[in-house]
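Chain and residue survey
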2 protein chains.
Amino acid sequence: MRVVLSPEQDRHEPRWWVARGRPRPCPERPERAERLGAAARAAGHAVVVADRFGAGPRAAVHDARYLAFLETAWERWSSQPDAGPEVVPNVFPGPLFDSYPGSVTGQAGWHMADTSCPVGPGTWEAATGAADAAVHAAEIVLHGAPSAYALCRPPGHHAFGDRAAGFCYLNNAAIAAQHVVGATSGRVAVLDIDVHHGNGTQAIFYGRGDVLTVSVHCDPADFYPFFGGFAHETGTGEGEGRNLNLPLPRGTTDTEWLAAIDRAIGVVREFDPAVLVVGLGLDALASDPFAAFAATVEGYAEAARRISRLGLPSVLIQEGGYLGPELGPALVAFLGAFEAP
Amino acid sequence: MRVVLSPEQDRHEPRWWVARGRPRPCPERPERAERLGAAARAAGHAVVVADRFGAGPRAAVHDARYLAFLETAWERWSSQPDAGPEVVPNVFPGPLFDSYPGSVTGQAGWHMADTSCPVGPGTWEAATGAADAAVHAAEIVLHGAPSAYALCRPPGHHAFGDRAAGFCYLNNAAIAAQHVVGATSGRVAVLDIDVHHGNGTQAIFYGRGDVLTVSVHCDPADFYPFFGGFAHETGTGEGEGRNLNLPLPRGTTDTEWLAAIDRAIGVVREFDPAVLVVGLGLDALASDPFAAFAATVEGYAEAARRISRLGLPSVLIQEGGYLGPELGPALVAFLGAFEAP
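Residues numbered from 1 in each chain as written. Chains lettered and ligands numbered in written order. Predicted model: local features only at pLDDT ≥ 70, side-chain atom pairs only at ≥ 80, totals over all residues. Heavy atoms only, no water.

Each helix and strand in chain A was counted, giving ten helices and ten strands. The C-alpha radius of gyration of chain A comes to 18 Å, within 12% of the 20 Å expected for a compact globule of 341 residues. For chain A, the spread of C-alpha atoms along the principal axes amounts to about 55 × 45 × 40 Å. Every one of the 341 residues in chain A was classed for burial, and the buried ones make up 65%. The contacts in chain A between residues at least 6 apart in sequence include a share of 76% that link residues at least 24 apart. Roughly 10,900 Å² of accessible area belongs to chain A as shown, and the carbon and sulfur atoms make up 52% of that amount. Measuring between centres, the 25 positive side-chain charges of chain A sit 2 Å from its 38 negative side-chain charges. (Helix = DSSP H or I, 4+ residues; strand = E, 2+ residues; numbered from the N terminus. Rg over C-alpha atoms; globule rule 2.2 N^0.38 Å. Buried < 20%, exposed > 50% of the residue type's maximum accessible area, 1.4 Å probe, protein only. Contact = heavy atoms within 4.5 Å. Areas by Shrake-Rupley, 256 points an atom, 1.4 Å probe, with all protein chains shown as cover. Lys, Arg positive; Asp, Glu negative; His and termini not counted. Charge placed at Lys NZ, Arg CZ, Asp CG, Glu CD.)

Next comes the structure, spelled out in structure tokens:
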């Protein structure tokens, strides 16, 4: 399978985030993509560098003001006296206040839903590189390949139309899905199997009838993103019935995980999309540092087989999956089983 | 003037906050209240310990769910593995998501608007003590004294009905104002001269016709709280015309500051309240660490004279004002000039 990545990915080096009340080193490291790329190469997949597609594809999903913020924030931030090395929000809009702030500190709170998505000097290049990798993989599929994989880093599925969240800046899967809609006028399904709910992707398409969003993830009752990902969220307006959340308890093993993925596959089949976008998080592994689920490498292979048997042209988009011992093996198992189910 | 304070104030010891992208020591220290109390005592004011007033006064202003969170959060938080010593939010509700979270991490993001209001083991006792000091000062005025001063710490004016923000947990000024409304059925004006906009107080009374809120503060275009405090925010429904914001530029000196306070005084006079609540922030001083305005100790005395000449029964509530050399002197100047204008 062709593997698309952007060499700019390693220019994004977030330093710290706040978790359980303490500043801690950020787990979303450049080494993630290095390991994934090396594993894919070693397994014989052809790795190609993402083309640049300009501002169009990201502007079709994200708010212009948000994109301008992401592109300029670090430089504006750095001109402040005593500024830290990254843009980190420290104040968020409360109720009743709807004035768009003029300052970079205010805009950081406006455009960032949490403290885990700092903007450093290389973030814009890395994020746009990741989005272009997603578009490039979509292009490969639009040109006839049965599947392609975009090794996107930073990941994308927590990014909303107008704000960053959860290590994510540009919603790579949404950008790929929208690119396919734009190119084909066909329907697209997004199936997200990251252990975290794909809340940004859900929000972007929540009122849309032409894009189905399905997410299998750890129950947000006590897991990120906390405020969304519940079963009762089914879409609105033309999107009513076009969003399916399948939350599962902590500790979920392959059997239950694959059963939920089967249910998701059934809903995708019924929707009958022209193209499938898979949000491929590898953090459902028992060996992932987040340790929410107990999936195995063979579980990922089996998930790939089942999704692949839909027979849909498929754009695979890397989401989460952190520095554990099975990160590379799970990717290789998934890609191999997807190609030869 | 009688000075009311709660000895519980020093049980609240926030450790750090995020500012300009870095974790930094929190400037809202117990020493603030110690210095203010010592200065007031040295100037001959009678210092009394706040009575306890139970849950009623705070529940008249704050959401029950929020109060339950504040009271229980630290204990629940501390039972998590590897939890930091304070409740600090790290994820905030985004758009489209309205499910109240079950976990303490989710609730922290729901009930805290920023990272500057951590909840530690003594925060609840300190915050309720400060609120009771405000109620006690209101009681002194309701019993006929022309004025009383509540040395509230933590401060209150950024606290919303359902969330903490900006070093604030319970909105002491709003609780005092509401206590007076409940006791007298009369109208109350809140005049906030802290250098930061009193966004929580504004929000709490935004739809109310019986409480006027007026705030003189540094322009939020590039200053906390960033998202509110603009001149166009005038109230809604029955509260239309009952909120006045007077933002001033950074560097504002006594002359312009007092001119804005004069304008505020005129609006208060026209409203003709039964009681005035003054949000007494001492951080407009040039010597305050926030250094937004350039007011002087004599400027504070003159502000006190002008407000006092309204001739209204007045409850003075301590808001901000940080560890600079003129913190105590400015308080003493204000209280003295207020009593003998």
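A few words on the packing of aromatic side chains. Residue and element names in this part refer to chain A. In the structure shown here, the tally under the stated rule is 19 aromatic pairs over all chains. Plain terms: the ring middles of W17 and F167 are 5.2 Å apart, the flat faces sit at 55° to each other, and that makes the pair tilted. With W17 in strand 2 (residues 16–19) and F167 in the loop between strand 5 (147–150) and helix 6 (172–184), this pair connects stretches of sequence that are 150 residues apart. Arranged with centres 5.9 Å apart and planes meeting at 25°, the rings of F334 and F338 form a pair that is stacked. (Phe/Tyr/Trp six-rings, centres within 6.5 Å; stacked < 30°, edge-to-face > 60°.)

Here the focus is the interface of chain A and chain B. Counting residues at the interface gives 55 residues for chain A, matched by 55 residues for chain B. Buried area between chain A and chain B, both sides added, is near 4,300 Å², and the carbon and sulfur share of it is 66%. The interface formed by chain A and chain B holds six salt bridges in total. Close ionic contact of R22 of chain A with D82 of chain B constitutes a salt bridge, the shortest N to O distance being 3.7 Å. (Buried area = accessible area lost by both parts, 1.4 Å probe. Salt bridge = Lys/Arg side-chain N within 4 Å of Asp/Glu carboxyl O.)

The next thing to look at is the sheet that holds strand 6 (residues 188–192) of chain B. Residues and elements named next belong to chain B. A sheet is described by the order of its strands in space; here eight strands give the open sequence 4-1-5-10-9-6-7-8, paired in parallel fashion. What marks the edges here is a single partner per strand, and that holds for strand 4 (47–49) and strand 8 (243–248). Adjacent strand axes in the sheet meet at a mean angle of 20°, parallel and antiparallel pairs treated alike. Bridging between strand 5 (residues 147–150) and strand 10 (residues 314–318) involves four bridges; their strand directions are parallel. By the bridge assignment for strand 10, A148 is matched with V315. The sheet strands contacting helix 5 (residues 123–142) are strand 1 (3–5), strand 4, strand 5 and strand 10, and the helix crosses strand 5 at an angle near 175°. (Pairing = 2+ DSSP bridges. Axes fitted to C-alpha atoms, helices over the stretch in contact; angles between N-to-C directions.)

Take the pattern of salt bridges next. The tally for this structure, following the rule as stated, stands at 32 salt bridges over all chains. One salt bridge in this structure joins D132 of chain B and R52 of chain B, with 2.9 Å as the shortest N-O distance. One end of the pair, D132 of chain B, is in helix 5; the other, R52 of chain B, is in the loop between strand 4 and helix 2 (56–59), with 80 residues separating them in the sequence. R52 of chain B sits in the partly exposed class, given a relative accessible area of 42%. Shared partners join several salt bridges into a network, and the residues in it are D262, E298, E302, R305 and R306 of chain A.

Residues and elements named next belong to chain B. Checked against the element boundaries, C218 lands in strand 7 (residues 211–218). Using a relative accessible area of 1% as the deciding quantity, one classes C218 as buried. In the structure, C218 is positioned 60 residues away from V278 in sequence and 17 Å away in space, judged by C-alpha atoms. Excluding residues that lie within four positions of it along the chain, C218 makes contacts with V195, F223, L248, R250, A292 and F293.

Expressed as a screw transformation, the operator carrying chain A onto chain B has a rotation angle of 180° and an axial translation of 0.0 Å, and the superposed copies differ by an RMSD of 0.0 Å. Both chain copies can therefore be described as sitting about a two-fold axis. Closest approach to the rotation axis within chain A is made by the C-alpha atom of P23 of chain A, at a distance of 3.7 Å. A symmetric contact is evident, with 100% of the interface residues of chain A recurring at the interface of chain B. (Least-squares fit on C-alpha atoms with pLDDT ≥ 70 in both.)

So, on to unusual backbone geometry. Residue and element names in this part refer to chain A. Residue R153 is joined to P154 through a cis peptide bond whose omega torsion reads 0°. Residue placement: P154 occurs in the loop between strand 5 and helix 6. The amide bond that connects Y224 to the next residue, P225, takes the cis arrangement and shows omega of 10°. Examined against the element boundaries, P225 turns out to sit in the loop between strand 7 (211–218) and strand 8 (243–248). Of note, the phi angle at D82 is positive, near 60°, even though the residue is not glycine.

So, about the pairing of strand 2 (residues 16–19) of chain B. Of the two faces of strand 2 of chain B, the one carrying W16 and V18 of chain B and the one carrying W17 and A19 of chain B are both buried. Counted between consecutive antiparallel strands, the loop separating strand 2 of chain B from strand 3 (residues 22–25) of chain B contains two residues, among which R20 of chain B sits at a positive phi close to 45°.

With that settled, the discussion passes to the nonpolar core. Counting 54 residues, the largest nonpolar core has Y149, W257, L276, L280, Y300, I307 and F334 of chain A as its most contacted members. Not counting chain neighbours up to four residues away, the residues in contact with W257 of chain A comprise I193, V216, L248, T252, A284, F293, A295, G299, Y300 and A303 of chain A. Judged by nonpolar contacts, the second largest core, of 53 residues, contains A189, A284, A303 and I307 of chain B. (Core = buried A, V, L, I, M, F, W, Y, C linked by side-chain atoms within 4.5 Å.)

Along the chain, S99 of chain A turns up in the loop between helix 3 (64–78) and helix 4 (104–111). A relative accessible area of 11% means that S99 of chain A is categorised as buried. Within the structure, the side chain of S99 of chain A is placed 2.9 Å from the side chain of H232 of chain B, a separation counted as a polar contact. Beyond its immediate stretch of four places on either side in the chain, S99 of chain A contacts W110 of chain A together with F227, F230, H232 and E233 of chain B. (Polar contact = N/O pair within 3.5 Å; in protein donor to acceptor, adjacent residues only side chain to side chain.)

Moving on: the packing of helix 5 of chain B against helix 6 (residues 172–184) of chain B. All names here are of chain B. At a minimum axis distance of 9 Å, the contact between helix 5 and helix 6 shows a crossing angle of 40°. Judged by the inter-axis angle, helix 5 sits oblique to helix 6. In this structure, helix 5 meets helix 6 at a crossing whose hand is right-handed. Within the contact between the two elements, helix 5 uses A127, A130, A131, A134, V135, A138, E139 and L142 and helix 6 uses N172, I175, A176, H179, V180, A183 and T184. Split by residue class, the contact of helix 5 with helix 6 holds eleven nonpolar, three polar and one charged. (Parallel < 35°, antiparallel > 145°, perpendicular 65-115°, else oblique. Left-handed = near helix turned anticlockwise from the far one by under 90°. Nonpolar A, V, L, I, M, F, W, Y, C, P; charged D, E, K, R; others polar.)

The subject of this paragraph is the sheet that holds strand 4 (residues 47–49) of chain A. Residues and elements named next belong to chain A. In spatial order, the strands read 4-1-5-10-9-6-7-8; together these eight strands make up an open sheet with parallel pairing. Two strands lie at the open edges of the sheet, namely strand 4 and strand 8, each paired on one side alone. Pairwise comparison of adjacent strand axes, ignoring direction, gives a mean angle of 20° for this sheet. Of the pairings in the sheet, the one linking strand 6 (residues 188–192) to strand 9 (residues 275–280) comprises five bridges and is parallel in character. Paired with D192 across the strands is G279, a residue of strand 9.

The next point concerns helix 3 of chain A. All names here are of chain A. Under the 1.5 Å per step criterion, the end-to-end length of helix 3 is 22 Å for 15 residues, consistent within 8% with the ideal 21 Å. T72 marks the point of greatest bend in helix 3, at about 50°. Residues of helix 3 that are buried include every one of Y66, L67, F69, L70, A73 and W77, and no others. Residues of helix 3 that are buried make contact with helix 2 (56–59), helix 4 and helix 5 (123–142). (Expected span 1.5 Å × (residues − 1). Bend = angle between axes of the 7 residues up to and from the residue.)

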